[in-house]
Amino acid sequence: MRDSRKKGKKKNAKIALLVIETTLIIVALIIGGFGIYYTTASDETKIHMRNGLIKELSGCSLVRNILLSSEHEEYDEKVKDPDFNEENVDINEGVKKKLTGYTNIALFGLDARDGEFEKDTHSDSILVVSINNDTGDVKLVSLYRDTMLKIRKRNGESKYGKANQAFFLGGAEGAVSMLNTNLDLDISDYVVVNFSGLTEIIDALGGIDVNITDEEQFFINGYLVETRKVTGMDSEDVPQSGNVHLNGLQATAYCRIRYTSFFDEEGNEYREDMGRTARQRHVLMKLVDKAKAAGSDRLIKIARMILNSNTEEETFIKTSMDFDEIMDMIPIAIDFTLSDTTGFPFTLAMPDIDGESMVVAEGLSYNVEKLHKYLFENEYYHVSSEVNKISDYIMDYTGIKEVRLKEDIEEESTEDASDN
């Protein structure tokens, strides 16, 4: 009986070894054949073929296991947040069932000094990245950082204050919870990057070309003074206005401007914090265009650069996402389309509340309904009871009532007329 078991184990081991060898030979043949054809193909065909191969290999269990064994430990050590616990993130009741078919991720840009990512750190930018899992379309929403919302502290208590306080008061779990609780979202993952990390990424993609006003040129050079100190990096001032090329540090300073208007390519004007977030989205769209033109080879090199940027002395980027989740995102990252961006809230007032200038949604419930229509094309979304409670509290406390956009008033009038 023992001899037969030994023979069985040896036979199983040989079969397993044969399967591995055969798989490796098949992968080698595929890559070899790919390489022969690749050398004779046109540039456009090469990009398509290369991206297609990377997409296919990212889903291959053998390749994933090889990458997991070689990269997983380094990724976990340098990039993944070991303290983030998804179970500690608040999500309003019933929301998960309504948001199927989308992946939502929180993106925070931090004014982090000396490598600190939580202590005494406020978020300079707060974005929601929403991915349509079926189409690969991506939409970005900037939450104005001075927006008055309900914030959960580390001790579990809540307060109402500016949205940019959420990371400082509640860490990553509190910041993600703030987005979920106030906006009826189901975010369970986040990415955070500081000024140095943003500068490195922009430089790795070769900088960006933008059209700036005289005032924007002045403020870029003003912000460069502090940004040089914060990052420890150096860059010359921007010498002129008009169409200019910005390197990483210059573009990061450009993202920080809030004291002068931003004009988009259609000539629309955005002021104060709305201008700052519009600039940030403008830069992100420029980076997306550069990334898509760069091709997968360069993006992989940039990913490796980001992975190696974090050190014991300073952290540039951090995320809650597992290495396996990153692998799952590769096909989406290669094919995605940044279809639209906007700021939140859509209707707002900017009063002084308790001695501080704040952005107050003119009806949080209405604005959240608009948000879900924008992100998820849900025409008839009804907010949760939690959002209604928060909305009512903000209205009572500030005295600022609901204001609806003209387009919605006209649409409702049309619907009422047709019903009659």
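About the thresholds
- Residues numbered from 1 in each chain as written.
- Predicted model: local features only at pLDDT ≥ 70, side-chain atom pairs only at ≥ 80, totals over all residues.
- Heavy atoms only, no water.
- Salt bridge = Lys/Arg side-chain N within 4 Å of Asp/Glu carboxyl O.
- Helix = DSSP H or I, 4+ residues; strand = E, 2+ residues; numbered from the N terminus.
- Buried < 20%, exposed > 50% of the residue type's maximum accessible area, 1.4 Å probe, protein only.
- 1 Å grid on protein atoms, 1.4 Å probe; cavity = no way out; pocket = protein on both sides within 12 Å on 5 of 7 lines; lining within 4 Å.
- Points joined across faces, edges and corners; volume = space filled by probe spheres on them.
- Nonpolar A, V, L, I, M, F, W, Y, C, P; charged D, E, K, R; others polar.

K.L.:
So what exactly am I meant to see when it comes to the pattern of salt bridges here?
P.N.:
This structure, assessed with the given rule, holds 17 salt bridges. Between D124 and R145 there is a salt bridge, with the nearest N and O atoms lying 2.8 Å from each other. Separated by 21 residues along the polypeptide, D124 in strand 2 (residues 123-132) and R145 in the loop between strand 3 (137-143) and strand 4 (148-152) bring together distant segments of the chain. The same class applies to D124 and to R145, which are both buried. The partner of R404 in a salt bridge is E402, and the shortest N-O contact between them spans 2.8 Å. Here R404 falls in the partly exposed class, since its relative accessible area comes to 27%. Each of D124, R145, D273 and R276 takes part in salt bridges that share partners, so that together they form one network.

K.L.:
Would you mind showing me how to read the layout of surface pockets here?
P.N.:
By rolling a water-sized probe across the atoms, one finds the places where empty space is left. Computed from the structure, the second largest pocket encloses a volume of approximately 530 Å³. Taken together, 21 residues line the second largest pocket, and the ones lying closest to its centre are D264, E266, Y270, R281 and T341. Of all the secondary-structure elements, those providing two or more residues to the lining of the second largest pocket are helix 9 (272-294) and strand 12 (337-344). Broken down by element, the residue count for the lining of the second largest pocket peaks at seven residues, all from helix 9. For the lining of the second largest pocket, the residue count by class is eight nonpolar, six polar and seven charged.

K.L.:
What is the right way to look at unusual backbone geometry in this model?
P.N.:
Peptide bonds are mostly trans, and most non-glycine residues show a negative phi. The omega torsion of the bond from F344 to P345 falls at 5°, within 30 degrees of zero and hence cis. Checked against the element boundaries, P345 lands in the loop between strand 12 and strand 13 (348-349). The backbone of D354 sits at a positive phi, close to 55°, despite the residue not being glycine. Mapped onto the secondary structure, D354 falls in the loop between strand 14 (352-353) and strand 15 (356-357). Classification of D354 by relative accessible area gives exposed; the value is 61%.

K.L.:
What's the story with empty space enclosed by the protein in this structure? I'm lost.
P.N.:
Evaluated as defined, the whole model comprises one cavity of 30 Å³ or more. In this model, the largest cavity occupies a volume close to 40 Å³. Residue lining of the largest cavity: V193, G197, E200, I201, I306, S309, F316 and I317, and that is the complete set. Every element with two or more residues in the lining of the largest cavity is listed here: helix 6 (195-204) and helix 10 (296-309). It is helix 6 that contributes the most residues to the lining of the largest cavity, three residues altogether. Broken down by class, the residue content of the lining of the largest cavity amounts to five nonpolar, two polar and one charged.

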